[in-house]
Amino acid sequence: SAAQLADWTRANQAKLRALAMKHGAVLLHGCTVNGHEDFGLMSGALPCEGYDYVGGAAPRTELVKGLVFTSNESPPDQPIPFHHELAQSPTPPAYILFCCEIESKEGGATPIIHSAEVATFFESRFPEFAKRVEKLGVRYIRVTPEITDPTSAQGRSWKETYNVTTRAEAEAAMRKQGTTWEWLPNGDCKTVTAVLPALRVDQRTGKRVFFNSMIAAFTGWNDARNVGEKAVELGDGSPVDKEIMWAVAKFMEERRVVFTWKKGDILFIDNTLVMHSRDTFIPPRRVLASLRGLPLPEVAEPIAAPVAVSVAALAQGGPRPLRVGIIGTGAMGKEHIRNIALLGEHVAVVAAIADSEENARAEALADMAPDRRQHCQVFEQYTDMLASDEVDAIVVCTPNYQHIEVLREAIPTGKHILCEKPLCSNVEDCLEVERLLETHAHRARTEGVRKGIFMTGMEYRWMPPIQKLIQETDSGNLGQLHTVTIREHRFPFLVKVANWNRFNRYTGGTLVEKACHFFDLMRRIVRSEPVSVYASGGQAMNHKDELYGDAQPDILDHAFVTVTFASGAKAMLDLCMFAEDEQTECVTAVCELGKVEAKAPESTVRILRRKSIHRLGRVPPPPDRRGVPEVHRLPVPEELAKAGFHEGSTFFELQAFVDAAGGRSPVPVSARDGRIAVMIGAAAQESILTSAVVKLDVPGTDRKNAQWAWKIEGANQLAQAAASVPVASLSPVRSKL
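Quick notes on the rules
Residues numbered from 1 in each chain as written. Predicted model: local features only at pLDDT ≥ 70, side-chain atom pairs only at ≥ 80, totals over all residues. Heavy atoms only, no water. Buried < 20%, exposed > 50% of the residue type's maximum accessible area, 1.4 Å probe, protein only. Helix = DSSP H or I, 4+ residues; strand = E, 2+ residues; numbered from the N terminus. Pairing = 2+ DSSP bridges. Expected span 1.5 Å × (residues − 1). Polar contact = N/O pair within 3.5 Å; in protein donor to acceptor, adjacent residues only side chain to side chain. Axes fitted to C-alpha atoms, helices over the stretch in contact; angles between N-to-C directions. Parallel < 35°, antiparallel > 145°, perpendicular 65-115°, else oblique. Contact = heavy atoms within 4.5 Å. Nonpolar A, V, L, I, M, F, W, Y, C, P; charged D, E, K, R; others polar. Phe/Tyr/Trp six-rings, centres within 6.5 Å; stacked < 30°, edge-to-face > 60°. Lys NZ or Arg CZ within 6 Å of the ring centre and 35° of its normal. Core = buried A, V, L, I, M, F, W, Y, C linked by side-chain atoms within 4.5 Å.

**Q** Quick question: what am I supposed to make of the pairing of strand S28 (residues 584-591) here?
**A** Each regular strand shows side chains that alternate between the opposite faces of the sheet. Among the 8 residues of S28, 7 are classified as buried, and the element is accordingly described as predominantly covered. Direction of pairing for strand S24 (residues 481-489) relative to S28: antiparallel, over a ladder of 8 bridges. Bridged to Thr-483 within S28 is Val-590. Strand direction decides the pairing type here: S28 and strand S29 (residues 594-600), joined by 7 bridges, are antiparallel. Opposite Val-590, over in S29, you have Lys-595 as the bridge partner. Hairpin geometry of S28 and S29 is characterised by an intervening segment of 2 residues between the two adjacent antiparallel strands.

What follows is the structure, given as structure tokens:
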């Protein structure tokens, strides 16, 4: 019933908004909604600010005062281009809900597209024009009739547009929005909006979005009074580039996501992240709409990392940033310190550091701004940091073999934890971490103790070109994925404190220490579980002339690893650590209809859709039957590049951690994810030692539907593949690098 749907919405409103923030939109299928009043009950159950539909061009009928309207009532033979709802307004709605009351027999879909995808295309394909748009902003020009014109998608009268009856009232409303106007002799009103940004950053996710109505205005604002190509201009009055506008429109049309409306369906859209449009249709069709503002603060989920708050507000007891402690302040710890600073002190601050090395602590403090340095607690023992009430979350950056001892102490505190890869140096310790987390979760349920989130650090997931590759393979645009190839050619391992990274017993082996990143990527891209591993590798050049006590380094410096997944997909790693003087990665995913290739540090993505798939003749496809590659350039902002060695990915990973800690998004990389990455690496090490295929068993893996069997717990323990080599004694808790 409508009342039950409203109760469900009220109980799950935080989860619904979190899903929309993660995916952009959520489709609720098969709801029992009989008319606009039922829909109003559901929409009104969302504890959000009300939103008045003021300034929009679309002809609509208000059905539930201030809450439910008909969607755009423009003629069914006129498509409505992609747009963010009321992007031409200074204060657009946060969410828009659609509900299908009468489904069309043909057409009438509401296609959607993620605005971040459009922004990436726009900025990478047309960087110079994008810079002008970002610098100058845009403004919109529209002539609104005195009487609503039902033959036009822009036909809403100025009286209905501003909910007024007189010119004086309209002028007051326009003045409030920063809009200028000109009254025309026939009673129509020509309006010019204030200059508005067209490229924005969603402060919750850090994603750049194409938040505007440029394409909608340019391609769709055409009627007896308006010419679309003149309906949008840059903030300085100069025209937009026509060819670029059409290119972006074509991109949107090619990448749109479409579903068929069924009676009772409700589409919940995060208006900041997703653009929507409307296809033509054959009547009858009736889709209802509801615009909602921001979540009401008294019911908003707890946020440990507020989006924006001034220092003065903090002093007055306002929301505070996430207070982070860094355990292990070598190179990786310092990279986290620099990137946390880039998040902004309104989001997160380094509240404490811990390292047993005095020099490492001093170097970490030197990386901080003077005012932050003065307020940062400094500890020699990490256990003292864990006892501090001034720390909400910790980042573990100690040597691999010390992760388990730190986590044994850290998990029971209930603080949020980001543990650098690998989760641990062997599978047995990883399983212990999962047991510790389960035990503490039980205590949180039964005793009410604090429970933080746990996230495994896998920075490579957040490299901009790899993010784009994942987005492309997840979309299914190229069909089923069959193979993944990852190549990293780079320089040897750097010097670390006490040279712990020279020995398998402390690292887990190169294919655990270094390559767990890549095995995690394989699994994330393929979306299936591993079933077997075969590897070949050795120590050809690196560290062979080094001696520590009586021990010579035994770590691999090159390897080829193949992984077979339950879905049937195959993946291969080509790792060489004496190939180049810089770190280079290339990730290639090949699907049934083409391939995607991401490269770093070039930060490019090449997408190729094949034209000739089947029935090739005796010669290769001629030029006119070959796919044309689409190349995206995703330059890493200079300040992010300077903050670390991972192409800006640490910054985006920290954003995800802060959002998860604040309850605004799910944990993207769990302890289980970290454990399975270690499992694959340990299996590869074992395969090299035994020259045999190593079978893996993730219990419950469904080989018939393996791409979705992702929530199975448990795994066989693999014996640590690395040989145990004695080395000189190491200090307790040291820097990771």
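**Q** Mind showing me how you'd approach helix H23 (residues 671-690) here?
**A** For the α-helix, the turn length of 3.6 residues means that residues three or four positions removed from each other point alike. With 20 residues, H23 ought to run about 28 Å at 1.5 Å a step, and its terminal C-alpha atoms sit 28 Å apart, in line with that. Where burial is concerned, most of H23 is hidden: 17 out of the 20 residues are buried. Measuring from the side-chain oxygen of the N-cap residue of H23 to the backbone nitrogen of Arg-672 gives 3.3 Å; that N-cap residue is Ser-670. One or two residues past the end of H23 sits Ser-691, with phi positive at roughly 55°.

**Q** Would you mind showing me how to read the packing of helix H17 (residues 464-475) against helix H20 (residues 516-526) here?
**A** When two helices pack together, their arrangement is given by the angle between the helix axes and the distance between those axes. Across the interface, H17 lies against H20 with an axial gap of 9 Å and an inter-helix angle of 30°. When the axes of H17 and H20 are compared, the pair comes out roughly parallel. Residues Ile-466, Leu-469, Ile-470, Thr-473 and Asp-474 of H17 lie in contact with H20, whose contacting residues are Leu-521, Arg-524 and Ile-525. Residues of the contact of H17 with H20, tallied by class, amount to 5 nonpolar, 1 polar and 2 charged.

**Q** I tried to follow the packing of aromatic side chains on my own but got confused; where do I start?
**A** The description of an aromatic ring pair rests on the distance of the ring centres and on the angle between the ring planes. Considering all chains together, one arrives at 14 aromatic pairs under this definition. Ring centres of Phe-121 and Phe-251 lie 4.0 Å apart, and the angle between their planes is 10°; on these two criteria the pair is classed as stacked. Of this pair, Phe-121 sits in helix H4 (residues 115-125) while Phe-251 sits in helix H9 (residues 242-255), placing them 130 residues apart in sequence. Its relative accessible area of 4% is what places Phe-121 among the buried residues. Where Phe-503 meets Tyr-548, the ring centres are 6.0 Å apart and the plane angle is 80°; that geometry is what we call edge-to-face. You can see Phe-503 sitting in the loop between S24 and helix H18 (504-507) and its partner Tyr-548 sitting in the loop between strand S25 (530-538) and strand S26 (558-565), a full 45 residues away along the chain. What makes Phe-503 buried here is its relative accessible area of 2%. Within the aromatic cluster, the residues linked to one another by ring pairs are Phe-121, Phe-126 and Phe-251. A cation sits over an aromatic face here: Arg-142 above Trp-221, 5.9 Å from the ring centre.

**Q** Before we go on, may I ask you to explain unusual backbone geometry in this structure?
**A** Backbone torsion omega between Pro-283 and Pro-284 reads 5°, so that peptide bond is classified as cis. Within the secondary structure layout, Pro-284 lies in the loop between strand S16 (281-282) and strand S17 (286-292). Put simply, Lys-421 and Pro-422 share a cis peptide bond, and its omega is -15°. By the secondary structure assignment, Pro-422 is in the loop between strand S22 (416-420) and helix H16 (427-447). The phi torsion at Asn-163 lies on the positive side, around 55°, for a residue other than glycine. For Ser-691, which is not a glycine, the phi torsion comes out positive at approximately 55°. Relative to the helices and strands, Ser-691 is located in the loop between H23 and strand S32 (694-695). The class of Ser-691 is exposed, set by a relative accessible area of 58%.

**Q** What should I look at first to understand the nonpolar core in this one?
**A** Where a protein is soluble and globular, its nonpolar side chains tend to be buried together. Leu-511, Phe-519, Val-561 and Leu-573 are the most contacted members of the largest nonpolar core, which totals 76 residues. In terms of residues, this core owes the most to one element, H23, which gives 9 residues. In this structure, Leu-511 is in contact with Cys-516, Phe-519, Leu-556, Ala-559, Val-561, Leu-573, Leu-575, Gly-681, Ala-684, Gln-685 and Ile-688, ignoring residues within four places of it in sequence. One finds Ala-348, Cys-397, Met-458 and Ala-677 within the second-largest nonpolar core, a separate group that totals 34 residues.

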